[in-house]
Amino acid sequence: MSFRWPTLADVIATLDVSRVDDHHFVATQLDNGSHHIAGGHIAAQALMAASLTAPGRRPHSVHVYYLRAGDARNPVDLHVDVARDGGALSTRKITALQDGQILLEALASFNEPFGSLDYQQPMPDVADPESLPPVQEQLAAYAGELDGFWVEPRPFDLRYVDAPPRVAVDLAEASPRLRMWWRPNGVVADNEVLHDCLLTYLSGITMVEPALVMRRATPVSTFNALIDHALWFHRPVDLADWVLSDQISSSGVAGRGLTTSTMYNRTGELVCIATQELYFGRGSTTA
């Protein structure tokens, strides 16, 4: 098993990107056995760098294309171009490079909040997170696999309403929908942009799962790589409490899988909608 979970403190520390000048940042990566840079992690770092160039405005959307995998043993350079600063919106282009090669291209947009029409679709009716066991308990039957990978501590407390991929592999039928409560496994500073970046990181980890379930696979039983990733931040997310992620894989074709996540806070406010497209490669259809 080549992947181990980082701690929440490690994730937060690496989101504190180092500023070289007004438009250049350096981001330390989270190394692992495969030395693969996690897509959600580098996307969160790109969003953080762009946010530092738009003070007083919080992100309302980010659109990411992943071009190359990168090496997590080495830092990544993040270059932020100021595309536009308007009366209420600011747009930034972010390019992530390593050894002169582009790993990621992204556009992020920032908004100065003001009062206007406010509406949303309602949150689905699901069990409260306190009534659900942590994912480690849900996967306890698989504790002997992969040197205990399924039950080791994670940076986020996850509580699944629907069967997580490892459990779903053993079920008779696969469902494209996967609902899950989550929150950080520790205290996070009261910083809206940091909370948005942690949500971006978490979405990069979990949104693959409904597509994996449809393939009767797990995150470690089949190759997968992020192609693109988009998030719309509708309302501030407070990571002092639980967030519900209602995820679905609506399409799988030509070795790709498309997933969508709609996220709500505990009070039912819609905080984020995210989409991802993943590449599973030729012939990658089963575990």
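Heads up: the structure comes first, above all this text.
Residues numbered from 1 in each chain as written. Predicted model: local features only at pLDDT ≥ 70, side-chain atom pairs only at ≥ 80, totals over all residues. Heavy atoms only, no water.

**Student:** Report on helix α2 (residues 39-51), specifying residues and quantitative values.
**Tutor:** With 13 residues, α2 extends 18 Å from end C-alpha to end C-alpha; this agrees with the ideal 18 Å at 1.5 Å per step. Burial of α2 is extensive: 13 of the 13 residues sit out of reach of the surface. (Helix = DSSP H or I, 4+ residues; strand = E, 2+ residues; numbered from the N terminus. Expected span 1.5 Å × (residues − 1). Buried < 20%, exposed > 50% of the residue type's maximum accessible area, 1.4 Å probe, protein only.)

**Student:** Describe the environment of Val126, listing the residues and the values that go with them.
**Tutor:** Looking at the element boundaries, Val126 is found in the loop between β6 (101-111) and α3 (135-138). Residue classification places Val126 among the buried residues on the basis of a relative accessible area of 14%. With residues up to four places along the chain from it excluded, the contact list for Val126 reads Val161, Arg179, Trp181 and Leu244. (Contact = heavy atoms within 4.5 Å.)

**Student:** I'd love a proper account of helix α5 (residues 192-206), names of residues and values included.
**Tutor:** With 15 residues, α5 extends 21 Å between its outermost C-alpha atoms, agreeing within 8% with the 21 Å of an ideal straight helix rising 1.5 Å per residue. Of all 15 residues that make up α5, 13 are buried, and the element is covered over most of its length. Put simply, Asn191 is the residue that caps the front of α5, since its side-chain oxygen is 3.0 Å from the backbone nitrogen of Val193. (Polar contact = N/O pair within 3.5 Å; in protein donor to acceptor, adjacent residues only side chain to side chain.)

**Student:** With reference to specific residues and values, describe the state of the cysteines.
**Tutor:** Under the definition given, this model contains zero disulfides. Take Cys197: it sits in no disulfide, and the sulfur closest to it among the cysteines is that of Cys272, at 12 Å. Since its relative accessible area comes to 0%, Cys197 is described here as buried. (Disulfide = S-S within 2.5 Å.)

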